[in-house]
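Listed below are the residues making up each chain.
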Amino acid sequence: LPPMSIPEKPQPNNAPTEKVSPSKITNQEIKISEGVIGTEEIHEKGKAGLMEGTEGNRKYLALHKTVKMGTILKVRSDETNREIFVRVIGSPASDDGSIIKISRSAYDKLGAPDPKFDIELIYYK
């Protein structure tokens, strides 16, 4: 049998540490803050309607009267309790009593039972 060798004690590595940029981190968990500093969380309740001409589009889009373009809204259906996020792309051309109009794919994902249905909107001003 060969003689057993004793492992050497690991030496500390005095090499300079490399700074890792955030773009190199791959499994970083991203959390949406419940209380974003300097902003106000807005809750709206009302009716949602279907945006016409969006049948072939797979994106979740919305039209809203007062929210600026590009804003992301969380939409929750009162009937199905499903939630989605939609991007505001403009304001509706006509007033039909709904506070928001959503694209066909968003409408289908929410499982909306009627052409107009009760929703709650949550977004940051």
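Structure: above.
Now for a quick tour of the structure. Sequence order sets the numbering: in each chain, residues are counted from 1 along the sequence as written. Residue-level local features of this predicted model are given only where pLDDT is at least 70; pairs of side-chain atoms are given and counted only at 80 or more, and the full residue set underlies all totals for whole chains, interfaces and linings. Side-chain calculation: all heavy atoms of the structure are included, whereas hydrogens and water are not.

### Regarding the packing of aromatic side chains
The condition is simple: Working definition: rings of Phe, Tyr and Trp (its six-membered ring) pair if their centres are within 6.5 Å, and the pair is stacked with planes under 30 degrees apart, edge-to-face with planes over 60 apart, and tilted otherwise. A helix here means a DSSP run of H or I that spans at least four residues, while a strand means a run of E at least two residues long, and both kinds are numbered starting from the N terminus.
In total, this model carries 1 aromatic pair according to the counting rule given. Between Tyr107 and Phe117 the ring centres are 5.7 Å apart and the planes differ by 65°, which places this aromatic pair in the edge-to-face class. Placement of Tyr107 in helix H1 (residues 104–110) and of Phe117 in strand E6 (residues 117–124) is noted, with a sequence separation of 10 residues between them.

### Considering the sheet that holds E6
Inclusion rule: In this analysis, strands are considered paired if DSSP registers two or more bridges between them. Each axis is a line fitted through C-alpha atoms, taken for helices only over the stretch in contact, and angles between the N-to-C directions span 0 to 180 degrees.
Taken in spatial order, the 6 strands line up as E1-E5-E2-E4-E3-E6 and close into a barrel, and their pairing is mixed. Across the sheet, the mean angle separating the axes of adjacent strands is 40° when strand polarity is ignored. Pairing between strand E3 (residues 72–77) and E6: 4 bridges, direction antiparallel. Considered in E6, the bridge of Ser77 is made with Ile119.

### Here we look at the nonpolar core
Cut-off, in case you're wondering: For the purposes of this section, nonpolar cores are sets of buried Ala, Val, Leu, Ile, Met, Phe, Trp, Tyr and Cys residues that join through side-chain atoms within 4.5 Å. Three exposure classes are used, based on accessible area relative to the maximum for each residue type with a 1.4 Å probe and protein chains only: buried under 20%, partly exposed in between, and exposed over 50%.
With 19 residues, the main nonpolar core has Leu73, Val75, Val86, Ile100, Ile102, Phe117 and Ile119 as its most contacted residues. Among the elements of the structure, strand E1 (41–50), E3, strand E4 (83–90), strand E5 (100–102), H1 and E6 are those that each provide at least two residues to this core.

### Quick notes on the environment of Thr80
Worth spelling out the cut-off: Note on definitions: a residue-residue contact is assigned when non-hydrogen atoms from the two residues lie within 4.5 Å.
Relative to the helices and strands, Thr80 is located in the loop between E3 and E4. Its relative accessible area of 29% is what places Thr80 among the partly exposed residues. On a C-alpha basis, the gap between Thr80 and Ile119 in space is 9.7 Å, while along the polypeptide they are 39 residues apart. Ignoring any residue separated from it by four or fewer positions in sequence, one finds Thr80 in contact with Leu110 and Gly111.

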